[in-house]
Amino acid sequence: MPTEQEAKPSVVTPSLQQWRSPSTFRGAPGEDPLKWLKEYDRVANFNKWDDMMCLANVYFFLDGTARQWYVNNEDALDSWEAFKNGLSGLFGDRQKYTRRAEEQLKCRAQRSGESTQSYIQGVLGLCQEVNPLMKEDEKVSHLMKGVAEDIYQALLTREINDTASFIKWCNYIEDMKQKRVGRPRFERLPNVVPVASLTDETDLVSLIRTIVREEVHRLVNQTQESLTPIPNH
């Protein structure tokens, strides 16, 4: 017969949720308090903090000028709403941050060694900062103007109306590029033409670029040959 202790069903105690910490806000030039407050609210929701807990914990995630401001005004910051308004009012200049994001977006191009997905998310993040309600076609325009040249040329033949289709075709093109890395299945002749026929404006642009590259290469070779000294006989 089992003892009374053995007969009792086992009780599984749920493990406590791991606590998350937001980053530290210092009030330094270039720090966006609205972006930091958004991050803090996200962490607070995960930790299940109410407004009182948000205010009680915020001191530990301030440093530098921001912490000194909090200490100087702690009596007046008697609610979470008062703290958020005070922080964003003193350290925030929404127009300044928007202008900076606009300047970055104008010249944001895919960097050497940067993955296409990293580039896409970087551009979409800037679009969000500039205008949270930006239209899809405008986002696509910003994505197209800075994506790597080989991806850009491949995307010109696709129908892209929104960021979802842009990402889908980029993933497809990247997959095709990976498959080409292996050994070629077919032998290719050295005299294959770069363009089969001119059917639309896209082909014409590609042909012009090819011709320009070949002409520049020819001129460089001629220049190098003219600079090569003639041997004495």
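It should be noted that the structure appears before, not after, this text.
Treat the numbers as computed from the prediction; the structure is a model and nothing was measured. (Residues numbered from 1 in each chain as written. Predicted model: local features only at pLDDT ≥ 70, side-chain atom pairs only at ≥ 80, totals over all residues. Heavy atoms only, no water.)

(A) The overall build of the chain, seen in detail. Within the chain, the secondary structure is distributed over eleven helices and zero strands. What you see in the chain, going N to C, is helices and strands ordered as α-α-α-α-α-α-α-α-α-α-α. Out of the 233 residues in the chain, the part that is buried amounts to 26%. In the chain, the share of contacts with a sequence separation of at least 24, taken over all contacts with a separation of at least 6, comes to 51%. For the chain, the computed accessible surface area is about 17300 Å², with 54% contributed by carbon and sulfur atoms. (Helix = DSSP H or I, 4+ residues; strand = E, 2+ residues; numbered from the N terminus. Buried < 20%, exposed > 50% of the residue type's maximum accessible area, 1.4 Å probe, protein only. Contact = heavy atoms within 4.5 Å. Areas by Shrake-Rupley, 256 points an atom, 1.4 Å probe, with all protein chains shown as cover.)

(B) Main features of the packing of aromatic side chains. Applying the stated criterion across every chain yields a total of 15 aromatic pairs. Here the aromatic rings of Tyr 59 and Tyr 70 are separated by 6.0 Å at their centres, their planes lie at 50°, and the arrangement is tilted. With a gap of eleven residues between them, Tyr 59 in the loop between helix H3 (51-58) and helix H4 (64-72) and Tyr 70 in helix H4 connect regions that are remote in the sequence. A residue is classified by how much of its surface remains accessible, and Tyr 59, at 29% relative accessible area, is partly exposed. (Phe/Tyr/Trp six-rings, centres within 6.5 Å; stacked < 30°, edge-to-face > 60°.)

(C) Focus on the pattern of salt bridges. A complete count under the given rule lists seven salt bridges for this structure. Here Glu 129 makes a salt bridge to Lys 35, at a shortest N to O gap of 3.1 Å. Separated by 94 residues along the polypeptide, Glu 129 in helix H7 (residues 116-130) and Lys 35 in helix H2 (residues 33-47) bring together distant segments of the chain. A salt bridge links Glu 136 to Lys 139; its shortest N-O distance comes to 3.6 Å. Of the two residues, Glu 136 and Lys 139 both sit in helix H8 (residues 136-146), three residues apart, roughly one turn of that helix. Using a relative accessible area of 16% as the deciding quantity, one classes Lys 139 as buried. Through salt bridges with shared partners, a single ionic network connects Arg 108, Arg 111 and Glu 114. (Salt bridge = Lys/Arg side-chain N within 4 Å of Asp/Glu carboxyl O.)

Limitation: the analysis is restricted to geometry and does not speak to function.
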